[in-house]
Amino acid sequence: MSFPSTVRLFEMSARDGLQNEPGDFIATPIKIELIERLADAGLTHIEAASFVSPKWVPQMADAHDVLSGIQRRPGVTFAALTPNLKGLEGAIAAKADEVAVFSAASEAFTQKNINCSIAESLERFIPVIETARQNGIRVRGYVSTVMGCPYQGEVSPSAVAKVAQQLIEMGCYEVSLGDTIGVGTPLKAKRMLEAVTQHVPIDKLAAHFHDTYGQAVANLYAVLEEGIQVIDASVAGLGGCPYAKGASGNVATEDVLYLLEGLGIETGIDLQKLINTGFWITQQLKRNNGSKVALAKGACHGL
Ligand SMILES: CC(C)(COP(=O)([O-])OP(=O)([O-])OC[C@H]1O[C@@H](n2cnc3c(N)ncnc32)[C@H](O)[C@@H]1OP(=O)([O-])[O-])[C@@H](O)C(=O)NCCC(=O)NCCSC(=O)C[C@@](C)(O)CC(=O)[O-]
């Protein structure tokens, strides 16, 4: 069995983690402090905000202020979601280092999430990717619902492969494969990835798994065996998707780091600082910490 020697973690908590947080608007300084603590822990890729309609996702309404307020540091990429040109213009004005476009392998989810068909979403991304390129900004792509859809149920691996391939051909440097509602299992994850890698090289793919059914760490182990080298995760397991009812957050970054350390895979991230950050943000949000590793280690350290 062979695993990659290094893995890059893409931290999602400030965007995917907070976008769906119910209740009061999360104050901008809290978002900024979260991002800075994550960077202090050694995370080099942090999705900081989302330039989407504030009517659709109110928690991301301060995307400009968040990105403008972060103290930039060499070697750390602060990214933002941009569903259309208006979003990209916002991201450029706020000096995002990188942006991401997002579609899905399910028509029903795409309609609910961004109010258009998959084909229309890809059409919309053409000028976004071109304008980003002219501004020297890299574009990441997401495919949601890669192992199941909250509205249509089963999603075929070939449908995932088709959208992933199109995003790469359009100019995305990497495509992140989202198990949006966390219904995948290790075998399903492997089959899905096998279908995608027939069209997209493994080093242009990332795993973005939610933990709704408690399978995310097992699914990550399965795709690490296949050679995945980029993993999206969210500190304390924060999050959920506003257009995927019942979906829990991304797999907790602390739990992924513990898995990787156990496999001898390098990340450059300080687990204890990450755990402290997870406890800090969950206290701010008055919610439970979704990381099993944080709870176990926190108990050991009397946190
Ligand atoms: C895409 C739209 C905008 C289409 O929404 P629409 O209503 O079809 O768009 P529109 O062009 O008709 O515009 C409607 C209004 O939104 C405004 N608007 C239009 N664009 C923007 C923008 N960029 N920023 C700010 N405002 C914008 C626009 O100006 C207008 O304002 P009004 O005239 O009514 O006052 C909408 O559907 C939307 O914002 N959706 C966001 C959905 C979202 O953020 N979902 C969560 C992220 S995806 C995710 O979490 C999954 C992922 C990535 O993590 C992977 C996984 O887990 O699977």
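The shown structure was predicted, so the numbers you read here are calculated from the model rather than taken from an experiment. (Residues numbered from 1 in each chain as written. Predicted model: local features only at pLDDT ≥ 70, side-chain atom pairs only at ≥ 80, totals over all residues. Heavy atoms only, no water.)

Asks: Explain the overall build of the protein chain to me, please; I cannot follow it from the model alone.
Replies: Regarding its fold elements, the protein chain presents 12 helices and 8 strands. Rg of the C-alpha trace for the protein chain: 18 Å, near the compact-globule value of 19 Å for 303 residues, within the 12% margin. Across its three principal axes, the protein chain shows a C-alpha extent of roughly 50 × 45 × 35 Å. Among the 303 residues that make up the protein chain, the fraction classed as buried is 56%. When contacts within the protein chain are restricted to residue pairs at least 6 apart in sequence, long-range pairs at least 24 apart make up 74% of them. Carbon and sulfur atoms make up 51% of the accessible area of the protein chain, which totals about 12300 Å². Computed over 25 positive and 32 negative side-chain charges, the separation of the two mean positions in the protein chain equals 3 Å. (Helix = DSSP H or I, 4+ residues; strand = E, 2+ residues; numbered from the N terminus. Rg over C-alpha atoms; globule rule 2.2 N^0.38 Å. Buried < 20%, exposed > 50% of the residue type's maximum accessible area, 1.4 Å probe, protein only. Contact = heavy atoms within 4.5 Å. Areas by Shrake-Rupley, 256 points an atom, 1.4 Å probe, with all protein chains shown as cover. Lys, Arg positive; Asp, Glu negative; His and termini not counted. Charge placed at Lys NZ, Arg CZ, Asp CG, Glu CD.)

Asks: Where do I start with the site of the ligand in this structure?
Replies: Among the 28 residues in the neighbourhood of the ligand, the closest are listed as Lys55, Asn113, Asn115, Ser144 and Thr180. In the model, an oxygen atom of the ligand is placed 3.0 Å from a nitrogen or oxygen of the His210 side chain. Contact with the protein chains removes 75% of the 1100 Å² of surface that the ligand exposes when unbound. Residue assignment for the shell around the ligand shows that the elements contributing at least two residues are α1 (13-17), α4 (85-93), α5 (107-114) and β5 (138-144). (Near = heavy atom within 4 Å. Polar contact = N/O pair within 3.5 Å; in protein donor to acceptor, adjacent residues only side chain to side chain.)

Asks: Explanation requested: the pattern of salt bridges in the structure shown.
Replies: It is possible for side chains of opposite charge to pair when their charged atoms get near one another. Evaluation of the coordinates by the stated rule reveals 15 salt bridges. Here Glu130 ties to Arg133 by a salt bridge, and the two come within 2.9 Å at their closest N and O atoms. Within this pair, Glu130 and its partner Arg133 are both found in helix α6 (residues 118-134), separated by 3 residues, close to a single helical turn. Look at Glu130 and you get partly exposed, because its relative accessible area is 32%. Arg133 sits in the exposed class, given a relative accessible area of 56%. What you see here is one network of salt bridges that share partners, running through Arg8, Arg140, Glu174 and Asp232. (Salt bridge = Lys/Arg side-chain N within 4 Å of Asp/Glu carboxyl O.)

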